[in-house]
Amino acid sequence: MPGGAVAEVKTYEVRTYGCQMNVHDSERLSGLLEDAGYVRAPEGTGEGDADVVVFNTCAVRENADNRLYGNLGRLAPMKARRPGMQIAVGGCLAQKDRDTIVKKAPWVDVVFGTHNIGKLPVLLERARVQEEAQVEIAESLEAFPSTLPTRRESAYAAWVSISVGCNNTCTFCIVPALRGKEKDRRPGEILAEVEALVAEGVSEITLLGQNVNAYGSDMGDREAFSKLLRACGAIEGLERVRFTSPHPRDFTDDVIAAMAETPNVMPQLHMPLQSGSDTVLKAMRRSYRQERYLGIIEKVRAAIPHAALTTDIIVGFPGETEEDFEQTLHVVREARFAQAFTFQYSKRPGTPAAEMADQIPKEVVQARYERLVALQEEISWSENKKQVGRTLELMVAEGEGRKDGATHRLSGRAPDNRLVHFTKPDEPVRPGDVVTVEITYAAPHHLLAEGEVLGVRRTRAGDAWEKRNAKDTAQAAASAGVLLGLPKVGVPEPLPAATGGCGCD
């Protein structure tokens, strides 16, 4: 450059709300921005200090828009003081509200939808040059998210989208209207991505879809999902395969057999229940009933005895009676979930349920919710106690143990995805490495292994984590102009948590 000038490096921040699909999309948004020359704002950057702030929004909660506009309002005076700063809003709420966002928050520079996330860098540049807001909402998918650049949050674990959209018409859910009809990726594309991730050091993948086990519906192959699971089992170096979220309607015996017979498919199943009442399930347009759901649970437990089952449940759906709620409690007692993501029914504007009569009073919903949580807490603790004395292999996790620094422990995930805090071994252990421990104590939401670690296996995934952290540290030092030191091996930094089950599966 003339006179030896150095181009200013612009920083970005992506704020993610909602389900795992949004977390995956945000990794793509980060990748797109970094491809365009932006760098992630360093840890500890103050609110409004990044040059570009992107909100990846969710629309499944009644107060989602209030939360967004509150956050945008806090940024308005900061943006006024920094004319070069840009704000972008994407995701489901952007797809739904479109021009409303710019009307309510005219300081927003870009609004984009769920179908055109690949346009973000172009829209930001266009907004900068034209000095006016750019609103571009595509009505259909322009590029499958997994074909876009990515900046993954984890070096050792990765999301892999196998489908987008949903063909269901649940009365409480607005997602199909915003994400569109289900569109499947070809198996060869999925497996090529998985193989490329494994070559980079990834050892765990989670197959993602709004209705993951309906995969194959637009290819005319009802067994496509079970075939995909088995094909993942043949990929050398891939240690763990998970998937979320399936729908009970499409959960067939061939999927259970593939789970049981494919060693790297983990003994874990997250399957949304939503309600145990046949009457409420019918009103929700959920195409299964209590007997069908419990029948699936029984088959899974018979084929995979150590499987941990988790679920989503909505309390207080319009018209839910005390008898209906008791049916939900009955299913919870029968299924004995390891964990349940429980939600109080919340109106989603634009959904049929929002217009239904017999909306349940808030105090009734709250009382039922508390009863459900208390029952599930008791069951979770009881099920976790069964793990005491077992010897388990854990994949060391990053940011899972919020108190690990104070307790001198590390944290990891068991094959069934239970969270385990374990005594820090003498030798260095990195996220992605595998340790063998004996479980000594159970709490409702985690397990402890308080004895000595029985074994440590350093992995290619751990190597990948170490390599990436060294690279990130060097980049941060270069952009800050100071030496930040070496990454802290064995003391993972927290990552933004993906919210479990949004109640729309």
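Higher on the page you've got the structure.
The rules behind each value
- Residues numbered from 1 in each chain as written.
- Predicted model: local features only at pLDDT ≥ 70, side-chain atom pairs only at ≥ 80, totals over all residues.
- Heavy atoms only, no water.
- Pairing = 2+ DSSP bridges.
- Helix = DSSP H or I, 4+ residues; strand = E, 2+ residues; numbered from the N terminus.
- Axes fitted to C-alpha atoms, helices over the stretch in contact; angles between N-to-C directions.
- Contact = heavy atoms within 4.5 Å.
- Parallel < 35°, antiparallel > 145°, perpendicular 65-115°, else oblique.
- Nonpolar A, V, L, I, M, F, W, Y, C, P; charged D, E, K, R; others polar.

Asks: Tell me about the sheet that holds strand β10 (residues 204-208), and please be specific about residues and values.
Replies: Taken in spatial order, the three strands of this open sheet run β7-β10-β11, and their pairing is parallel. In this open sheet, the two strands that pair with only one neighbour each are β7 (157-161) and β11 (240-244). If you compare each strand with its neighbour and ignore which way they point, the axes differ by 25° on average. When β10 meets β11, the two strands line up parallel, connected through five bridges. Paired with L208 across the two strands is T244, which belongs to β11. On the sheet, helix α7 (residues 187-199) packs against β7 and β10 and is oriented at approximately 165° with respect to β7.

Asks: Can you explain the packing of helix α8 (residues 224-233) against helix α9 (residues 253-261)? Please cite residues and give values.
Replies: Packed helix pairs are specified by the crossing angle of their axes together with the interaxial distance, meaning the distance between the axes. With their axes 8 Å apart at the nearest point, α8 and α9 run at an angle of 10° to one another. For the element pair α8 / α9, the angle class is roughly parallel. Packed against α8, whose contacting residues are F225, S226, L229 and R230, the element α9 presents D254, V255, A257, A258, M259 and E261 at the interface. The class makeup of the residues in the contact of α8 with α9 is six nonpolar, one polar and three charged.

Asks: Explain the sheet that holds strand β12 (residues 268-270) residue by residue, including any values.
Replies: Within the open sheet, the three strands sit side by side as β12-β13-β14. Their pairing is parallel. The strands lining the two open edges of the sheet, one partner per strand, are β12 and β14 (339-344). Going across the sheet, the axis of each strand differs from the next one's by a mean of 10°, ignoring polarity. Inspection of the sheet shows β12 paired to strand β13 (residues 308-315) by three bridges, in the parallel sense. Across the sheet, the residue bridging to L269 is L309, located in β13.

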